[in-house]
Amino acid sequence: MATLTPTLTLVSTDATNDELNFSVTDSLTVVAPYTGVAKASVSTTGANNIIQPATDGQTYYVYVKHTGVDASGSTVTTTLNIELTGDVIIGKLAAGEFMWMPVGGHSLGVQLQASSGTIVAEYAYFTKG
Amino acid sequence: MATTTATLTLSSDMLSSPINISASTNLAKATITEGLELIEMGRGTITEADGSKTAEFGLPTALGADKAAKLFFVNNSTNPEHYIDIDLHDTNIGRLYAGDWMFIPFGMNDTASEFVIEAEPSGATCPYEFALFQEPQTLVTHS
(Lines give C-alpha, C1' and ligand atoms only; values in the text may rest on other atoms or scores of the structure.)
Protein backbone atom coordinates (compact mmCIF):
# COMPACT_ATOMS: atom_id res chain seq x y z
CA MET A 1 0.00 0.00 0.00
CA ALA A 2 1.01 3.57 -0.62
CA THR A 3 -0.28 7.02 0.17
CA LEU A 4 -1.52 9.50 -2.41
CA THR A 5 -1.95 13.10 -1.32
CA PRO A 6 -4.15 15.28 -3.53
CA THR A 7 -4.35 18.98 -2.73
CA LEU A 8 -6.63 21.53 -4.36
CA THR A 9 -6.15 25.27 -3.97
CA LEU A 10 -8.65 27.86 -5.19
CA VAL A 11 -7.47 31.47 -5.14
CA SER A 12 -8.96 34.73 -6.39
CA THR A 13 -8.27 38.31 -5.48
CA ASP A 14 -11.03 39.85 -7.55
CA ALA A 15 -13.92 37.39 -7.79
CA THR A 16 -15.38 38.86 -4.61
CA ASN A 17 -14.59 41.81 -2.35
CA ASP A 18 -13.23 39.38 0.20
CA GLU A 19 -10.26 37.47 -1.11
CA LEU A 20 -10.91 33.84 -1.92
CA ASN A 21 -8.16 31.56 -0.67
CA PHE A 22 -9.18 27.98 -0.14
CA SER A 23 -7.18 24.80 0.15
CA VAL A 24 -8.20 21.22 0.80
CA THR A 25 -6.12 18.08 0.95
CA ASP A 26 -6.66 14.38 1.50
CA SER A 27 -4.62 11.32 2.32
CA LEU A 28 -5.61 8.35 0.19
CA THR A 29 -4.45 4.77 0.56
CA VAL A 30 -3.88 3.42 -2.93
CA VAL A 31 -2.86 0.08 -4.39
CA ALA A 32 -2.07 -1.34 -7.80
CA PRO A 33 -3.17 -1.09 -10.51
CA TYR A 34 -2.49 2.52 -11.26
CA THR A 35 -1.29 4.64 -14.12
CA GLY A 36 1.00 7.53 -13.30
CA VAL A 37 0.89 10.47 -15.61
CA ALA A 38 0.31 9.38 -19.17
CA LYS A 39 -0.49 11.20 -22.37
CA ALA A 40 -3.01 10.24 -25.00
CA SER A 41 -3.95 11.74 -28.32
CA VAL A 42 -7.70 11.62 -28.05
CA SER A 43 -9.92 11.22 -31.10
CA THR A 44 -13.61 11.86 -31.59
CA THR A 45 -14.51 8.24 -30.81
CA GLY A 46 -14.69 7.78 -27.05
CA ALA A 47 -14.59 3.98 -27.21
CA ASN A 48 -11.11 4.25 -28.74
CA ASN A 49 -9.80 6.33 -25.83
CA ILE A 50 -10.51 4.35 -22.67
CA ILE A 51 -8.10 5.58 -19.98
CA GLN A 52 -9.41 3.71 -16.97
CA PRO A 53 -10.58 0.09 -17.04
CA ALA A 54 -14.06 -0.89 -15.98
CA THR A 55 -14.47 -0.99 -12.24
CA ASP A 56 -15.24 -4.24 -10.47
CA GLY A 57 -16.57 -2.82 -7.24
CA GLN A 58 -13.42 -0.85 -6.47
CA THR A 59 -13.02 2.91 -6.57
CA TYR A 60 -10.53 4.64 -8.85
CA TYR A 61 -9.28 8.18 -8.38
CA VAL A 62 -9.00 9.79 -11.80
CA TYR A 63 -7.06 12.85 -12.96
CA VAL A 64 -7.49 14.31 -16.46
CA LYS A 65 -6.05 17.44 -18.01
CA HIS A 66 -6.74 19.02 -21.41
CA THR A 67 -3.28 20.10 -22.56
CA GLY A 68 -4.57 22.61 -25.11
CA VAL A 69 -2.78 21.04 -28.08
CA ASP A 70 -3.64 18.46 -30.72
CA ALA A 71 -1.66 15.49 -31.93
CA SER A 72 0.51 17.72 -34.12
CA GLY A 73 1.26 20.09 -31.27
CA SER A 74 -0.92 22.89 -32.58
CA THR A 75 -3.01 24.91 -30.15
CA VAL A 76 -6.66 23.89 -29.96
CA THR A 77 -9.68 25.42 -28.26
CA THR A 78 -12.01 22.47 -28.73
CA THR A 79 -13.45 20.77 -25.66
CA LEU A 80 -12.59 17.36 -24.25
CA ASN A 81 -15.44 15.15 -23.07
CA ILE A 82 -14.94 13.07 -19.94
CA GLU A 83 -17.24 10.08 -20.26
CA LEU A 84 -18.10 6.78 -18.69
CA THR A 85 -17.82 3.93 -21.16
CA GLY A 86 -21.02 3.78 -23.13
CA ASP A 87 -20.73 7.46 -24.03
CA VAL A 88 -22.19 8.86 -20.80
CA ILE A 89 -20.84 12.40 -20.50
CA ILE A 90 -19.61 13.45 -17.06
CA GLY A 91 -18.33 16.87 -18.12
CA LYS A 92 -16.32 18.87 -20.63
CA LEU A 93 -12.84 20.31 -20.15
CA ALA A 94 -11.70 23.40 -22.01
CA ALA A 95 -8.07 23.90 -22.99
CA GLY A 96 -5.82 23.94 -19.94
CA GLU A 97 -8.46 22.70 -17.52
CA PHE A 98 -8.26 19.61 -15.30
CA MET A 99 -10.48 17.45 -13.11
CA TRP A 100 -10.10 15.10 -10.17
CA MET A 101 -12.82 12.69 -9.14
CA PRO A 102 -13.58 9.22 -7.79
CA VAL A 103 -15.06 6.67 -10.16
CA GLY A 104 -16.56 3.41 -8.96
CA GLY A 105 -19.47 1.53 -7.50
CA HIS A 106 -20.48 0.29 -10.94
CA SER A 107 -18.90 -1.63 -13.80
CA LEU A 108 -17.92 1.16 -16.17
CA GLY A 109 -14.61 2.62 -17.26
CA VAL A 110 -13.65 6.15 -18.18
CA GLN A 111 -13.07 7.31 -21.75
CA LEU A 112 -12.17 10.61 -23.37
CA GLN A 113 -13.57 12.10 -26.53
CA ALA A 114 -12.48 15.17 -28.49
CA SER A 115 -15.29 17.42 -29.71
CA SER A 116 -13.42 17.60 -33.03
CA GLY A 117 -10.04 16.66 -34.43
CA THR A 118 -7.62 15.42 -31.79
CA ILE A 119 -6.72 16.64 -28.31
CA VAL A 120 -3.72 15.60 -26.28
CA ALA A 121 -4.82 14.74 -22.75
CA GLU A 122 -2.81 13.95 -19.66
CA TYR A 123 -4.32 11.46 -17.27
CA ALA A 124 -3.68 9.25 -14.28
CA TYR A 125 -5.71 6.87 -12.18
CA PHE A 126 -5.11 5.22 -8.84
CA THR A 127 -6.96 2.37 -7.15
CA LYS A 128 -8.40 2.92 -3.69
CA GLY A 129 -6.83 0.56 -1.16
CA MET B 1 -13.52 40.13 -15.03
CA ALA B 2 -12.86 37.74 -12.20
CA THR B 3 -9.83 35.50 -12.15
CA THR B 4 -10.00 32.39 -10.01
CA THR B 5 -7.07 30.02 -10.16
CA ALA B 6 -7.41 26.35 -9.33
CA THR B 7 -4.27 24.35 -8.62
CA LEU B 8 -4.12 20.61 -8.11
CA THR B 9 -1.10 18.74 -6.81
CA LEU B 10 -0.78 14.98 -6.47
CA SER B 11 2.10 13.43 -4.57
CA SER B 12 2.72 9.83 -3.63
CA ASP B 13 5.28 7.43 -2.24
CA MET B 14 4.01 4.49 -4.25
CA LEU B 15 7.24 4.26 -6.24
CA SER B 16 10.84 4.34 -5.14
CA SER B 17 10.99 7.81 -6.70
CA PRO B 18 8.36 10.25 -5.47
CA ILE B 19 5.43 11.06 -7.75
CA ASN B 20 4.63 14.75 -8.07
CA ILE B 21 1.96 16.06 -10.42
CA SER B 22 0.86 19.67 -10.57
CA ALA B 23 -1.75 21.37 -12.73
CA SER B 24 -3.09 24.89 -12.61
CA THR B 25 -5.83 26.66 -14.54
CA ASN B 26 -7.94 29.79 -14.42
CA LEU B 27 -11.62 28.94 -14.15
CA ALA B 28 -13.05 30.24 -17.39
CA LYS B 29 -16.36 30.73 -19.09
CA ALA B 30 -17.03 28.64 -22.16
CA THR B 31 -15.62 31.49 -24.21
CA ILE B 32 -12.31 30.81 -22.41
CA THR B 33 -11.35 34.50 -22.54
CA GLU B 34 -13.29 35.48 -19.40
CA GLY B 35 -13.36 34.10 -15.88
CA LEU B 36 -16.30 32.56 -14.07
CA GLU B 37 -18.00 35.22 -11.97
CA LEU B 38 -20.69 33.56 -9.93
CA ILE B 39 -19.59 31.61 -6.85
CA GLU B 40 -22.02 29.61 -4.76
CA MET B 41 -20.83 27.90 -1.60
CA GLY B 42 -22.62 25.90 1.03
CA ARG B 43 -22.74 22.97 3.36
CA GLY B 44 -25.26 20.41 4.41
CA THR B 45 -25.76 16.93 5.79
CA ILE B 46 -27.28 13.93 4.12
CA THR B 47 -28.19 10.70 5.85
CA GLU B 48 -28.83 7.27 4.48
CA ALA B 49 -32.46 7.65 5.55
CA ASP B 50 -32.81 10.63 3.23
CA GLY B 51 -32.43 8.39 0.21
CA SER B 52 -31.34 9.82 -3.13
CA LYS B 53 -31.44 13.63 -3.22
CA THR B 54 -30.66 16.33 -5.71
CA ALA B 55 -28.02 18.58 -4.18
CA GLU B 56 -28.86 22.24 -3.52
CA PHE B 57 -26.93 23.36 -6.56
CA GLY B 58 -27.79 20.32 -8.65
CA LEU B 59 -31.00 21.39 -10.29
CA PRO B 60 -30.78 21.87 -14.02
CA THR B 61 -30.67 25.54 -14.88
CA ALA B 62 -31.04 27.74 -17.89
CA LEU B 63 -27.28 28.03 -18.24
CA GLY B 64 -27.37 26.36 -21.61
CA ALA B 65 -25.14 23.81 -23.25
CA ASP B 66 -22.60 26.41 -24.28
CA LYS B 67 -21.86 27.56 -20.71
CA ALA B 68 -19.26 26.40 -18.24
CA ALA B 69 -19.21 25.63 -14.53
CA LYS B 70 -16.82 23.95 -12.10
CA LEU B 71 -17.84 22.07 -8.99
CA PHE B 72 -15.92 21.26 -5.81
CA PHE B 73 -17.61 18.79 -3.47
CA VAL B 74 -16.28 17.14 -0.28
CA ASN B 75 -17.58 14.45 2.07
CA ASN B 76 -16.71 15.69 5.56
CA SER B 77 -17.70 12.49 7.34
CA THR B 78 -15.07 11.17 9.74
CA ASN B 79 -16.39 7.63 9.66
CA PRO B 80 -14.34 5.69 7.08
CA GLU B 81 -17.31 3.43 6.37
CA HIS B 82 -19.62 6.28 5.38
CA TYR B 83 -19.55 7.40 1.77
CA ILE B 84 -21.58 9.58 -0.57
CA ASP B 85 -22.67 8.10 -3.87
CA ILE B 86 -22.39 10.65 -6.65
CA ASP B 87 -24.82 10.41 -9.55
CA LEU B 88 -25.46 12.53 -12.60
CA HIS B 89 -29.21 12.11 -12.86
CA ASP B 90 -29.60 8.31 -13.09
CA THR B 91 -25.95 7.50 -13.78
CA ASN B 92 -23.74 6.52 -10.85
CA ILE B 93 -20.31 8.08 -11.20
CA GLY B 94 -18.45 7.19 -8.05
CA ARG B 95 -18.14 7.28 -4.27
CA LEU B 96 -16.67 9.91 -2.02
CA TYR B 97 -15.44 8.32 1.18
CA ALA B 98 -14.78 10.19 4.42
CA GLY B 99 -12.63 13.24 3.73
CA ASP B 100 -12.53 12.65 -0.02
CA TRP B 101 -13.31 15.45 -2.47
CA MET B 102 -13.75 16.01 -6.18
CA PHE B 103 -13.31 18.89 -8.61
CA ILE B 104 -15.05 18.51 -11.95
CA PRO B 105 -16.47 20.42 -14.88
CA PHE B 106 -20.21 20.54 -14.35
CA GLY B 107 -22.67 20.79 -17.25
CA MET B 108 -25.76 21.76 -15.23
CA ASN B 109 -27.62 22.55 -18.38
CA ASP B 110 -30.18 19.78 -18.59
CA THR B 111 -31.83 17.06 -16.57
CA ALA B 112 -29.13 14.56 -17.49
CA SER B 113 -26.59 16.62 -15.55
CA GLU B 114 -28.64 16.85 -12.36
CA PHE B 115 -26.22 16.34 -9.44
CA VAL B 116 -27.59 13.66 -7.13
CA ILE B 117 -26.13 12.49 -3.82
CA GLU B 118 -26.91 9.58 -1.52
CA ALA B 119 -25.30 8.60 1.80
CA GLU B 120 -24.41 4.96 2.32
CA PRO B 121 -24.41 2.42 3.97
CA SER B 122 -27.31 1.96 6.35
CA GLY B 123 -27.12 4.47 9.20
CA ALA B 124 -24.61 6.71 7.44
CA THR B 125 -24.56 10.46 8.13
CA CYS B 126 -22.36 12.56 5.87
CA PRO B 127 -21.78 16.29 6.28
CA TYR B 128 -20.65 17.85 3.01
CA GLU B 129 -19.49 21.15 1.57
CA PHE B 130 -19.50 22.47 -1.95
CA ALA B 131 -18.34 25.38 -4.05
CA LEU B 132 -19.81 26.00 -7.48
CA PHE B 133 -18.17 28.40 -9.91
CA GLN B 134 -20.40 29.32 -12.82
CA GLU B 135 -21.30 31.85 -15.45
CA PRO B 136 -23.83 34.52 -14.53
CA GLN B 137 -27.41 33.44 -14.90
CA THR B 138 -30.04 35.51 -16.61
CA LEU B 139 -32.05 37.48 -14.10
CA VAL B 140 -35.76 36.90 -14.27
CA THR B 141 -38.60 39.38 -14.08
CA HIS B 142 -40.07 39.61 -10.59
CA SER B 143 -43.34 37.82 -9.97
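Read on for an overview of the structure. (Residues numbered from 1 in each chain as written. Chains lettered and ligands numbered in written order. Predicted model: local features only at pLDDT ≥ 70, side-chain atom pairs only at ≥ 80, totals over all residues. Heavy atoms only, no water.)

A word on the overall build of chain B
Move 1: Secondary structure assignment for chain B yields zero helices and 10 strands.
Move 2: Listing the helices and strands of chain B from first to last along the sequence gives β-β-β-β-β-β-β-β-β-β.
Move 3: Based on the C-alpha atoms only, the size of chain B along its principal axes is roughly 50 × 45 × 25 Å.
Move 4: With 143 residues in all, chain B has 48% of them scored as buried.
Move 5: Contacts spanning at least 24 positions in sequence make up 71% of the contacts within chain B whose residues lie at least 6 apart.
Move 6: When the accessible surface of chain B is summed, it comes to about 6,600 Å², and 50% of that surface belongs to carbon and sulfur atoms.
Move 7: For chain B, the separation between the mean place of its 6 positive charges and that of its 19 negative charges on side chains is 6 Å. (Helix = DSSP H or I, 4+ residues; strand = E, 2+ residues; numbered from the N terminus. Buried < 20%, exposed > 50% of the residue type's maximum accessible area, 1.4 Å probe, protein only. Contact = heavy atoms within 4.5 Å. Areas by Shrake-Rupley, 256 points an atom, 1.4 Å probe, with all protein chains shown as cover. Lys, Arg positive; Asp, Glu negative; His and termini not counted. Charge placed at Lys NZ, Arg CZ, Asp CG, Glu CD.)

Let's talk about the nonpolar core
Move 1: In this structure, Val64 of chain A together with Phe73 and Phe115 of chain B are the most contacted members of the largest nonpolar core, which totals 45 residues.
Move 2: Once you skip the residues sitting within four places of it in the chain, Val64 of chain A turns out to touch Ile51, Leu80, Ile82, Leu93, Glu97, Phe98, Met99, Leu112, Glu122 and Tyr123 of chain A.
Move 3: Counting 29 residues, the second largest nonpolar core, distinct from the first, contains Val24 and Tyr63 of chain A together with Ala6 and Ala23 of chain B. (Core = buried A, V, L, I, M, F, W, Y, C linked by side-chain atoms within 4.5 Å.)

Here's the deal with the sheet that holds strand β6 (residues 83-88) of chain B
Move 1: Spatial strand order, β4-β9-β6-β7 (chain B): four strands in an open sheet with antiparallel pairing. One side of each edge strand has no neighbouring strand; the edge strands of this open sheet are β4 (53-54) and β7 (91-97) of chain B. (Pairing = 2+ DSSP bridges.)

Quick look at unusual backbone geometry
Move 1: In this model, Ala32 of chain A is joined to Pro33 of chain A through a cis peptide bond whose omega is 0°.
Move 2: The peptide bond linking Glu120 of chain B to Pro121 of chain B adopts the cis configuration, its omega dihedral lying at -5°.
Move 3: Along the polypeptide, Pro121 of chain B turns up in the loop between β9 (115-120) and β10 (125-134).
Move 4: A positive phi angle, close to 70°, is found at Asp87 of chain A, a residue other than glycine.
Move 5: Along the chain, the position of Asp87 of chain A falls in the loop between β6 (80-84) and β7 (88-93).
Move 6: The phi angle at His89 of chain B is positive, at roughly 55°, despite the residue not being glycine.

Digging into the sheet that holds β6 of chain A
All names here are of chain A.
Move 1: On the basis of which strands lie adjacent, the open sheet formed by four strands has the order β4-β9-β6-β7 and antiparallel pairing. Each end of this open sheet is capped by a strand with a single partner; those strands are β4 (50-52) and β7. Averaged over all adjacent pairs, the angle separating strand axes in this sheet is 30°, with direction ignored.
Move 2: Pairing analysis gives five bridges linking β6 to strand β9 (residues 110-114), with the strands arranged antiparallel. Residue pairing for β9: Ile82 is matched across the bridge by Leu112. (Axes fitted to C-alpha atoms, helices over the stretch in contact; angles between N-to-C directions.)

Overview of the side chain of Asp100 of chain B
Move 1: Its place among the elements puts Asp100 of chain B in the loop between β7 and β8 (101-105).
Move 2: Buried within the structure, Asp100 of chain B lacks any salt-bridge partner; Lys128 of chain A is the closest side chain of opposite charge, at an N-O distance of 5.0 Å.
Move 3: The residues touching Asp100 of chain B, leaving out its near neighbours within four places in the chain, are Asp26, Leu28 and Tyr61 of chain A together with Phe73, Val74 and Asn75 of chain B. (Salt bridge = Lys/Arg side-chain N within 4 Å of Asp/Glu carboxyl O.)

A word on the environment of Ala32 of chain A
Move 1: Following the sequence through the fold, Ala32 of chain A ends up in strand β3 (residues 28-42).
Move 2: C-alpha of Ala32 of chain A to C-alpha of Ala2 of chain A: the two residues are 30 residues apart in sequence and 9.2 Å apart in space.

Some details on the pairing of strand β2 (residues 19-26) of chain B
Residues and elements named next belong to chain B.
Move 1: The two faces of β2 differ: Ile19, Ile21, Ala23 and Thr25 on one face are buried, but Asn20, Ser22, Ser24 and Asn26 on the other face are not.
Move 2: Bridging between strand β1 (residues 4-12) and β2 involves eight bridges; their strand directions are antiparallel. Counterpart to Thr7 in the pairing with β2 is Ser24.
Move 3: The turn linking β1 back onto β2 is made up of six residues.

Structural notes on the layout of surface pockets
Move 1: A volume near 550 Å³ is recorded for the largest pocket.
Move 2: Considering the residues around the largest pocket, the lining is formed by 31 residues, among which Ile89, Gly91 and Lys92 of chain A together with Gly107 and Asn109 of chain B are closest to the centre.
Move 3: Sorting the residues of the lining of the largest pocket by element identifies β7 of chain A together with β5 (69-75) of chain B as the ones contributing at least two each.
Move 4: It is β7 of chain A that contributes the most residues to the lining of the largest pocket, five residues altogether. (1 Å grid on protein atoms, 1.4 Å probe; cavity = no way out; pocket = protein on both sides within 12 Å on 5 of 7 lines; lining within 4 Å. Points joined across faces, edges and corners; volume = space filled by probe spheres on them.)

Brief notes about the pattern of salt bridges
All names here are of chain B.
Move 1: For the structure on display, the rule yields six salt bridges over all chains.
Move 2: As a salt-bridge pair, Lys67 and Glu135 come within 3.8 Å of each other at their nearest N and O atoms. Here Lys67, found in the loop between β4 and β5, pairs with Glu135, found in the segment after β10; they are 68 residues apart in sequence, far enough to count as distant.
Move 3: You can call Lys67 partly exposed: its relative accessible area is 36%.
Move 4: The exposure class of Glu135 is buried, given its relative accessible area of 6%.
Move 5: Among the salt bridges present, the one from Asp85 reaches Arg95, with a minimum N-O distance of 3.8 Å. Placement of the pair is Asp85 in strand β6 and Arg95 in strand β7, with a sequence separation of 10 residues.
Move 6: Overall, the relative accessible area of 12% leaves Asp85 in the buried class.

So yeah, pure geometry; function would need other evidence.
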